[in-house]
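Inside the fold
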Amino acid sequence: MYYDNKRLALSIFWTILGITLIILSITEVLQSSLYGGMGGGLTVVGVFQIIRNLRYRKDAEYKEKIDTEASDERNSFLRMKSWSWAGYITVLVEAIGAVIAMIRGQETIQMVLSFSVALIVFVYWLMYMILSRKY
């Protein structure tokens, strides 16, 4: 079962947390409007997830569709390929951004982008080592 009670409870939690952040932002307990926006986002996502969960439980056709998508090997392959392409593109864009920041004399941006590239490459190497032993 793809949508279980834990997912429903988590969706309810996100909705309640979002509403709480909105209320605290409106009453100015939290000074930044960032919290109100974050609360709005959490509330919307939580409500949509609750709706999806309830639809999954009531609509047999929708349930079959979701279960097929979750267990389909093609979708799993596409998700894996999408993450790998996203990783390549992220590393390249950050590396180019670091070079541009270096040329423009923006050392802080250059350092952040360089450390991010280094972290991604390190995690890639670490996962490669772990997975090469496992498979």
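Now for a look at the structure at hand. (Residues numbered from 1 in each chain as written. Predicted model: local features only at pLDDT ≥ 70, side-chain atom pairs only at ≥ 80, totals over all residues. Heavy atoms only, no water.)

Focus: the packing of aromatic side chains
Within a pair of aromatic rings, the relevant descriptors are the distance that separates the centres and the angle that separates the planes. All chains considered together, the criterion is met by 4 aromatic pairs. Between Phe122 and Trp125, the ring centres sit 6.0 Å apart and the planes meet at 35°, which makes this aromatic pair tilted. Taken together, the residues span about one helical turn, with Phe122 and Trp125 both in helix H5 (residues 107–134) at a distance of 3 residues. Judged by relative accessible area, which is 44%, Phe122 ranks as partly exposed. On the accessibility criterion, Trp125 (45% relative accessible area) is partly exposed. Here the guanidinium or amino end of Arg55 rests over the ring plane of Tyr62, the centre of that ring lying 3.9 Å away. (Phe/Tyr/Trp six-rings, centres within 6.5 Å; stacked < 30°, edge-to-face > 60°. Helix = DSSP H or I, 4+ residues; strand = E, 2+ residues; numbered from the N terminus. Buried < 20%, exposed > 50% of the residue type's maximum accessible area, 1.4 Å probe, protein only. Lys NZ or Arg CZ within 6 Å of the ring centre and 35° of its normal.)

Here we look at the packing of helix H4 (residues 73–104) against H5
Packing of H4 against H5 brings their axes to within 8 Å, and their N-to-C directions diverge by 155°. Our classification of the angle between H4 and H5 gives roughly antiparallel. As H4 packs across H5, the resulting crossing turns out to be left-handed. Here Thr90, Val91, Glu94, Ala95, Gly97, Ala98, Ala101 and Met102 of H4 lie close against H5, whose contacting residues are Ile109, Gln110, Leu113, Ser114, Ser116, Val117 and Ile120. The residue inventory of the contact of H4 with H5, partitioned by class, reads 9 nonpolar, 5 polar and 1 charged. (Axes fitted to C-alpha atoms, helices over the stretch in contact; angles between N-to-C directions. Parallel < 35°, antiparallel > 145°, perpendicular 65-115°, else oblique. Left-handed = near helix turned anticlockwise from the far one by under 90°. Contact = heavy atoms within 4.5 Å. Nonpolar A, V, L, I, M, F, W, Y, C, P; charged D, E, K, R; others polar.)

With respect to the pattern of salt bridges
Applying the stated criterion to the full structure yields 1 salt bridge. For Arg55, the salt bridge goes to Asp59, with nearest N and O atoms at 3.9 Å. (Salt bridge = Lys/Arg side-chain N within 4 Å of Asp/Glu carboxyl O.)

What is shown is where atoms sit, not what they do.
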